[in-house]
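A look at the structure
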Amino acid sequence: MTDAVRVRYAYLGPSGTFTEAALRTVPDVEHAELLPCASVPAALEAVRSGEADGAVVPIENSVEGGVPVTLDELADGRLVITREILLRVSFALMARPGTHLEDCKRITTHPHAAAQTRHWVADHLPRAEVMLASSTAAAAAAVAEPGSEFDAAIAPRIAAEQYHLNVLADQIEDNRDAVTRFVLATRPVPPPPLTGADKTSLVAFIRDDHPGALLEILDEFAVRGVNLTRIESRPTGDGIGRYCFSIDCEGHVEEARVGEALMGLRRVCGEVRFLGSYPRADGARISTRPGTSDVDFRDAASWLASLKEGRT
Ligand SMILES: O=C(O)C(=O)Cc1ccccc1
């Protein structure tokens, strides 16, 4: 394969991050060019500018919920999500050879990793200070620097080999079932085909602040039997008290109940930004409630047409 046709993927780097591990699950990634970026905004900007064809970024974790920087960056609607990836995350404490557990006073890691190992650190290193880094692998790289100000990093075990560090403690996550959800974002393209186990993401902006505005949004989903998998309010940045709603729901825009819910939102909201329909990473098939399948919507539409033609 020549360089001219190689797909370029940006990701939260440097090499050794969980995001890289998530990216490595994308089909044909071995033929792609990987572009490590210093932050989530930088990875997404590489896609907007055309420097990369797609970016993999963390969007939600099972301990802390949505990742604000990713939700806010995607809310501009200039990119779409074409794939989601679920990754179990497990953390190790690593240090330069010769450092022992009791020497670890200054630890560095990514904020998500700090949140997911808080109890372990409090129990085992109660006097340690945790300083935040742009990623877990960036933290490992900083510890590996000669004369580093840090004693240890919390990072994926694989980063210890890459940065020549020793693992002092492994599997230090507070919750063994911690899962992080990543998405692949690209410049706008038609959604991948319907699989029957899909999700749709969007951002809804209320038209004018009024009682029941959120209820009106929820109603568009509820009356069509569309289940939400995440809803979060995020500030729009236009002033205190001004929020939009970042929403993931089950189903694909090609399914009538989802398409009709989007049209309903378009009517009741000030603005709706479609962020994509894509296969669910867990493959869980969606069971439609009675009266909300594509057949039901088609039947209702042809019944209405027959009324207009004078056939009762
Ligand atoms: O810093 C990393 O390795 C990342 O990819 C971000 C992250 C950190 C902790 C859990 C999941 C993702």
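Everything that follows concerns the structure shown earlier in this document.
Residues numbered from 1 in each chain as written. Predicted model: local features only at pLDDT ≥ 70, side-chain atom pairs only at ≥ 80, totals over all residues. Heavy atoms only, no water.

**Quick word on the nonpolar core**
Core analysis: the largest hydrophobic core is formed by 29 residues, its most contacted members being Leu93, Leu125 and Ile154. When contributions to this core are tallied by element, the ones reaching two or more residues are strand 1 (8–12), helix 1 (18–23), strand 5 (80–88), strand 6 (92–95), helix 5 (118–124), strand 9 (152–155) and strand 11 (179–186). No other element matches helix 1, which puts three residues into this core. Counting contributing residues per domain, this core is built from domain 1 (1–89 + 179–189) and domain 2 (92–170), each supplying no fewer than three. (Core = buried A, V, L, I, M, F, W, Y, C linked by side-chain atoms within 4.5 Å. Buried < 20%, exposed > 50% of the residue type's maximum accessible area, 1.4 Å probe, protein only. Helix = DSSP H or I, 4+ residues; strand = E, 2+ residues; numbered from the N terminus. Domains from an automatic or database assignment.)

**What about the side chain of glutamate 173?**
Here glutamate 173 shows up in the loop between strand 10 (166–169) and strand 11. Residue classification places glutamate 173 among the buried residues on the basis of a relative accessible area of 7%. A distance of 3.0 Å separates the side chain of glutamate 173 from the side chain of serine 90, its partner in a polar contact. (Polar contact = N/O pair within 3.5 Å; in protein donor to acceptor, adjacent residues only side chain to side chain.)

**Re the site of the ligand**
Near the ligand, the surroundings consist of Leu12, Thr17, Phe18, Thr19, Phe91, His110, His112, Ala113, Ser135, Thr136 and Thr180. Between an oxygen atom of the ligand and a main-chain N or O atom of phenylalanine 18, the distance comes to 2.9 Å. Here an oxygen atom of the ligand sits 2.5 Å away from a polar atom, N or O, in the side chain of threonine 19. Taken together, the residues of the shell around the ligand break down into four nonpolar, seven polar and no charged. Counting contributing residues, the shell around the ligand receives three or more from each of domain 1 (1–89 + 179–189) and domain 2 (92–170). (Near = heavy atom within 4 Å. Nonpolar A, V, L, I, M, F, W, Y, C, P; charged D, E, K, R; others polar.)

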